[in-house]
2 protein chains.
Amino acid sequence: MAIIVQKYGGTSVANADKIKRVAARVARTKDQGNKVVVVVSALGQTTDELVALAHQVAKEPSGREFDMLVSTGEQVSIALLAMALHDIGYDAISFTGSQVGIVTDSSHTRARIISADRKRMMRELDKDRVVIVAGFQGVSEGQEITTLGRGGSDTTAVALATVLPADVCEIYTDVDGVFTADPRIVPNARKMPAVSYDEMLELASAGAKVLHLRAVELAKNYDVKLHVRSSFTEEEGTVVVAETQEMERVMIGGVSLDKEEAKLSLAGVPDVPGIAAKLFTALADCGINVDMIVQSVGEDGLNTISFTVTKSDLRLALQITEKVGAELGAKRVESDPGIAKVSAVGAGMRSHSGVAAKMFRALGDAGINIHMISTSEIKLSCVVDESRAEEAVQVVHEAFKLGTLTVEGTAE
Amino acid sequence: MAIIVQKYGGTSVANADKIKRVAARVARTKDQGNKVVVVVSALGQTTDELVALAHQVAKEPSGREFDMLVSTGEQVSIALLAMALHDIGYDAISFTGSQVGIVTDSSHTRARIISADRKRMMRELDKDRVVIVAGFQGVSEGQEITTLGRGGSDTTAVALATVLPADVCEIYTDVDGVFTADPRIVPNARKMPAVSYDEMLELASAGAKVLHLRAVELAKNYDVKLHVRSSFTEEEGTVVVAETQEMERVMIGGVSLDKEEAKLSLAGVPDVPGIAAKLFTALADCGINVDMIVQSVGEDGLNTISFTVTKSDLRLALQITEKVGAELGAKRVESDPGIAKVSAVGAGMRSHSGVAAKMFRALGDAGINIHMISTSEIKLSCVVDESRAEEAVQVVHEAFKLGTLTVEGTAE
């Protein structure tokens with residue numbers, strides 16, 4: 001008898017009718033002879049509404065009280081889903097993160113899971129019950145309610161799948177799976193039947209929002225099979241597993257787009273050791289996450305350091321960079337919020353040469369200027385003008401023939 | 001340094017602005033040199049909305065999941081109030097019922113408090129913090145979330161006032177205190193500066209909704225001083241305390257109205273022992289609370305038993321009564337949802353004769369027919385046609401001159 005963890009996001013449980021549909025789907029999985037653990041997010045826009053309320057009563061809500069507040073959203077969902085299952089004749093029981101022993105550190109609003117207790121879940125599964133667990137939340141060792149940050153329900157699902165252990169962790173969402181590119185931008189984008197953890201990680205960090213980054217990391221570390229699929233169809237989605245020999249045949253798996261970053265440059269600084277360390281330590285101390293970093297030395301022997309941050313961090317990052325720049329005697333500091341990052345991701349990149357050249361040529365032929373380039377083992381990212389972003393995704397997708405590529409040797 | 005428990009109902013915390021106003025009021029109480037514990041209900045209509053959602057997904061929501069669901073309402077309130085206090089510079093910390101050790105029995109949706117733990121509250125009060133506790137909820141010994149039933153936040157407040165112990169338990173509401181009658185019905189109704197626990201109990205059970213019955217019982221048992229007052233003014237409200245010598249001078253304290261009951265009659269049953277027991281055992285077994293009971297023997301030697309139940313229980317009560325009636329060979333069973341109960345309450349009734357006569361005369365003079373009469377030591381209730389209910393309250397209020405009566409020797 002297989003154990004299946006299913007995670008349903010907020011859009012899948014947005015109202016009573018949708019909750020009933022989720023209940024029917026859970027029931028079918030149960031009828032197929034599986035033990036089922038369900039993780040749910042808060043109903044539709046609930047979390048946003050609670051956050052808005054918090055900001056109406058306080059300028060800076062404390063982390064502890066924020067978690068006390070927003071964790072109620074998932075508690076509503078689990079109770080309603082349990083009721084809906086009872087109503088169609090299935091035994092089910094709901095648990096808060098605390099009740100099912102999801103222990104986290106005490107970093108409110110962005111806690112990390114330390115451990116999860118399988119005993120209570122197994123006891124209920126052995127009674128032939130569906131177990132429903134609130135996503136996104138846990139309890140600290142000091143018995144405080146904590147939350148895992150946006151997208152944390154994915155992480156909850158993978159953590160539970162790890163400790164049970166489950167045969168598969170199904171992530172239900174409003175899209176059919178992981179695509180070679182956003183179908184709204186590239187109409188002939190294809191759903192990928194399978195991707196590796198590493199590709200999924202690069203896709204997630206490159207702006208594909210289908211899976212939460214930490215959830216993929218956790219799944220990779222504990223080898224949890226993920227299945228990203230639509231809650232509105234019965235079709236197979238995309239399986240995320242460890243890399244296989246067959247997968248390597250695919251050079252590029254997908255093209256992703258991230259428009260949420262802005263670019264900063266510190267230009268004309270002396271080429272001496274410690275400059276980058278000084279700048280990025282100052283940024284890290286203020287909690288600013290830096291994504292891409294490019295450094296180059298000009299003919300004048302002066303350095304230019306360019307990097308990207310989230311648009312919402314731009315103003316603060318600019319202040320810090322100007323301050324550090326002044327101390328270092330930099331010639332100028334520039335910022336540009338009007339950029340986008342286009343990334344090609346594929347495990348096959350390792351064994352195929354010429355990938356970068358092909359991508360640069362595709363962009364160049366379209367007259368799209370590349371401002372920054374960054375590479376990892378299986379990802380190649382180019383920063384381009386935001387106004388040309390969609391076109392850039394299209395030409396790169398076309399250059400690698402992703403719309404027509406047949407994936408050999410995968411699950412489908 | 002006094003310890004004060006303040007309870008704010010749902011209308012007092014209906015939105016962000018009202019929550020800020022409550023925060024300001026709590027802050028003033030703190031500034032006056034008190035240790036403050038605040039109990040809050042769910043925001044405005046939240047509980048009703050959650051209950052409606054439950055009924056959209058299931059015909060009969062289970063008690064456990066119902067409590068899991070509706071307990072979120074109070075959790076939202078406590079977090080928001082804590083944030084609002086932080087925002088105006090006051091240290092505060094919120095707790096769920098479970099976190100502050102409010103242990104109940106396991107009767108979901110109508111749990112009774114077994115114990116409350118003062119240690120956690122005292123530790124926080126000693127740190128000079130305002131302690132905010134979710135009303136209406138607790139945790140069973142099996143670690144399940146429970147709720148106390150409608151109005152349960154009053155009970156939470158009194159329970160906390162008992163264990164602390166607090167000097168006073170202030171119940172904030174949208175009216176100025178306890179009145180001699182509903183001011184919407186009797187324009188010259190007066191606010192009573194003080195009433196005894198017993199009078200408050202009779203008023204509450206007679207339909208005055210200002211305080212939850214169980215809360216008054218608990219306050220009486222542990223001698224907790226209650227102060228019912230408005231959250232919108234600084235005026236003193238009504239103090240509920242043990243009966244004093246001075247209070248006895250008031251013959252009738254107030255007139256209350258209850259339109260939520262329906263009347264049933266089992267007519268023409270033989271006058272033999274065990275009839276009433278059989279009927280009311282059958283009703284109790286189905287969880288139906290019976291309020292007034294009147295039995296009379298007619299000239300034919302046959303019995304008529306009349307009683308009242310909550311309107312929502314009428315249909316079930318009628319089925320049971322018809323079944324029992326058939327077994328007993330009763331001549332007929334009648335039901336009437338169109339009734340109302342008018343009650344005069346006052347500790348002075350004990351020592352004053354002629355109270356009943358005066359009430360009956362007032363109703364008779366107005367041409368209002370009395371269907372049932374029931375008396376207790378300090379209460380006199382008459383069932384009348386629902387269509388004449390408001391007029392009945394007015395004439396009884398007038399008969400006892402409650403609009404002009406001066407209360408001697410009380411707090412004000």
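Values in this document were obtained by computation on a predicted structure and should not be read as measured data. (Residues numbered from 1 in each chain as written. Chains lettered and ligands numbered in written order. Predicted model: local features only at pLDDT ≥ 70, side-chain atom pairs only at ≥ 80, totals over all residues.)

## Some points on the overall build of chain A
Heads up, the rule is: In DSSP terms, a helix is any run of H or I states spanning at least four residues, a strand is any run of E spanning at least two, and both are numbered starting from the N terminus. We take the radius of gyration over the C-alpha atoms and set the globule estimate at 2.2 Å times the residue count to the 0.38 power. With C-beta atoms placed from the backbone, a contact is any residue pair whose C-beta atoms sit within 7 Å.
Within chain A, the regular secondary structure consists of 11 helices and 20 strands. Expected size for 412 residues packed as a compact globule is a radius of gyration near 22 Å; at 23 Å, chain A falls within 12% of this value. Projected onto the principal axes, the alpha-carbon positions of chain A cover approximately 75 × 55 × 30 Å. Counted over contacts in chain A with a minimum sequence separation of 6, partners at least 24 positions apart contribute 76%.

## Some details on the environment of H227 of chain B
Here H227 of chain B shows up in strand β11 (residues 226–230). As a C-alpha pair, H227 of chain B and C169 of chain B span 58 residues in sequence and 6.2 Å in three-dimensional space.

## Remarks on the interface of chain B and chain A
Defined as follows: Think of it as three bins: nonpolar holds Ala, Val, Leu, Ile, Met, Phe, Trp, Tyr, Cys and Pro, charged holds Asp, Glu, Lys and Arg, and polar takes everything else, Gly as well.
Listed by partner, the interface residues are 29 residues for chain B and 29 residues for chain A. If you list the elements that add at least two residues to the side of chain B that touches chain A, you get α1 (16–31), α2 (46–57) and α3 (63–87) of chain B. Looking at the side of chain B that touches chain A element by element, the count peaks at 14 residues for α3 of chain B. Class assignment for the residues of the side of chain B that touches chain A results in 17 nonpolar, 8 polar and 4 charged.

## Concerning the domain arrangement of chain A
Applicable threshold: Delimitation of the domains relies on an automatic or database domain assignment.
Examined at the domain level, chain A breaks down into domain 1 (3–174) and domain 2 (246–412). A straight line from the C-alpha centre of domain 1 of chain A to that of domain 2 of chain A covers 35 Å.

## A look at the sheet that holds strand β2 (residues 35–40) of chain A
Residues and elements named next belong to chain A. Cut-off, in case you're wondering: Strand pairing is assigned whenever DSSP identifies at least 2 bridges connecting the two strands. Throughout, an axis means a line fitted to C-alpha atoms (over the contacting stretch in the case of helices), and angles, computed between N-to-C directions, take values from 0 to 180 degrees.
With mixed pairing, 8 strands are arranged side by side in an open sheet as β3-β6-β2-β1-β9-β11-β12-β10. Bordering the open sheet on either side are β3 (92–95) and β10 (194–196), each of which pairs with just one other strand. The mean inter-strand angle of the sheet, taken between neighbouring strand axes irrespective of direction, is 20°. Two strands pair when backbone bridges link them, and strand β11 (residues 226–230) and strand β12 (residues 238–241) are joined in this way by 3 bridges, in the antiparallel orientation. Residue pairing across strands places V228 opposite T238, the latter belonging to β12. Along the sheet, helix α4 (residues 118–126) makes contact with β2, β3 and β6 (130–134), crossing β6 at roughly 150°. Across the sheet, helix α5 (residues 152–163) is in contact with β1 (3–8), β2, β6 and β9 (168–173); its angle to β1 comes to roughly 175°.

## Details of the relation of the copies chain B and chain A
A rotation about an axis combined with a shift along that same axis relates the two copies of the chain. Heads up, the rule is: Least-squares superposition aligns the copies on the C-alpha atoms of those residues with pLDDT at or above 70 in both.
Structural alignment of chain B on chain A gives an RMSD of 0.3 Å, achieved by rotating through 179° and translating 0.2 Å along the axis. Here the two chains are linked by the operation of a two-fold rotation axis. Minimal C-alpha separation from the rotation axis in chain B is found for T72 of chain B, amounting to 2.8 Å. Most of the interface of chain B is mirrored in chain A: 100% of its interface residues are interface residues there too.

## Things to note about the pairing of strand β13 (residues 254–258) of chain B
Residue and element names in this part refer to chain B. We count it as follows: Residue burial is a threshold on neighbouring C-beta atoms within 10 Å of the residue's own C-beta, all placed from the backbone, with 20 or more meaning buried, 12 or fewer meaning exposed, and counts in between meaning partly exposed.
With 5 of 5 residues buried, β13 lies mostly within the body of the structure. The alternating pattern of β13 places G254, S256 and D258 on one face and V255 and L257 on the opposite face, and all of these are buried. Pairing of β13 with strand β18 (residues 339–345), which is carried by 5 bridges, proceeds in the antiparallel orientation. When the sheet's bridge partners are listed, S256 is paired in β18 with S343.

## Comments concerning the sheet that holds strand β7 (residues 137–140) of chain B
Where strands meet in a sheet, backbone hydrogen bonds hold them as pairs that are either parallel or antiparallel. All names here are of chain B. The 4 strands are arranged β5-β4-β7-β8 in an open sheet whose pairing can be described as mixed. One side of each edge strand has no neighbouring strand; the edge strands of this open sheet are β5 (113–115) and β8 (145–147). Note that strand β4 (residues 103–104) and β5 share 2 bridges and pair antiparallel. Residue pairing in the sheet places T104 in a bridge with I113 of β5. Together, β7 and β8 form the strand contacts of α3, whose direction differs from that of β8 by roughly 75°.

## Overview of the packing of helix α3 (residues 63–87) of chain A against α2 of chain B
A pair of packed helices is characterised by two quantities: the angle between their axes and the separation of those axes. Cut-off, in case you're wondering: Just so you know how the angles are binned, under 35 degrees is roughly parallel, over 145 roughly antiparallel, 65 to 115 roughly perpendicular, and the rest oblique. In a left-handed crossing the near helix is turned counterclockwise from the far helix by less than a right angle, and in a right-handed crossing that turn is clockwise.
Interaxial distance between α3 of chain A and α2 of chain B falls to 8 Å at its minimum, and their mutual angle equals 30°. Between α3 of chain A and α2 of chain B, the angle is such that the two are roughly parallel. The handedness of the crossing between α3 of chain A and α2 of chain B is right-handed. Note on element contacts: α2 of chain B touches α3 of chain A through L50, L53, A54 and V57 of chain B, opposite V76, L80, M83, A84 and D87 of chain A. Residues belonging to the contact of α3 of chain A with α2 of chain B are distributed by class as follows: 8 nonpolar, no polar and 1 charged.

## Looking at helix α7 (residues 213–222) of chain A
Along α7 of chain A, the positions that sit buried rather than exposed are R214, A215, V216, L218, A219 and K220 of chain A. Considering only its buried residues, α7 of chain A is in contact with α5, β9, α6 (197–205), β11 and β12 of chain A.

## Quick word on helix α7 (residues 213–222) of chain B
Where α7 of chain B is buried, its residues touch α5 (152–163), β9 (168–173), α6 (197–205), β11 and β12 (238–241) of chain B. Once α7 of chain B finishes, D223 of chain B follows within two positions and takes phi at roughly 55°, a positive value.

## As for the packing of helix α10 (residues 355–365) of chain B against helix α11 (residues 389–399) of chain B
All names here are of chain B. In the contact formed by α10 and α11, the axes pass within 9 Å of each other and the chain directions differ by 130°. Taken together, the axes of α10 and α11 lie oblique to each other. Note on packing geometry: the crossing formed by α10 with α11 is right-handed. Where α10 approaches α11, its residues K358, M359, A362 and L363 are matched on the opposing element by A392, V395, V396 and A399. Residue classes in the contact of α10 with α11 are distributed as 7 nonpolar, no polar and 1 charged.

## Things to note about the pairing of strand β20 (residues 379–385) of chain A
Residue and element names in this part refer to chain A. Within β20, 6 of the 7 residues are buried, which leaves the element mostly enclosed by the surrounding structure. The pairing of strand β18 (residues 339–345) with β20 spans 7 bridges and is classified as antiparallel. In the strand pairing of β20, A344 is matched with L380. Of the strand pairs in this sheet, strand β19 (residues 372–375) and β20 are connected by 4 bridges, and their pairing is antiparallel. By the bridge assignment for β20, M372 is matched with V383.

## Describing unusual backbone geometry
Residues and elements named next belong to chain A. Residue P165 follows L164 across a cis peptide bond; omega there is -20°. Among the structural elements, P165 can be located in the loop between α5 and β9. Phi angles above zero are rare outside glycine, and T109 is one such case at about 70°. Positionally, T109 belongs in the loop between β4 (103–104) and β5 (113–115).

## Digging into the environment of L213 of chain B
Residue and element names in this part refer to chain B. Within the fold, L213 resides in helix α7. For the pair formed by L213 and T155, sequence separation is 58 residues and the distance between their alpha carbons is 8.6 Å. Other than its neighbours up to four places away in sequence, L213 contacts L201, A204 and S205.

## Description of the confidence of the model for chain A
The following threshold applies: The quantity called pLDDT is the predictor's confidence in a given residue, expressed from 0 to 100.
On average, residues of chain A carry a pLDDT of 89, and 96% of them reach 70 or more. Contacts of residues 405–412 of chain A to residues separated by more than four positions or lying in other chains number 15 contacts, the stretch itself having pLDDT below 50.

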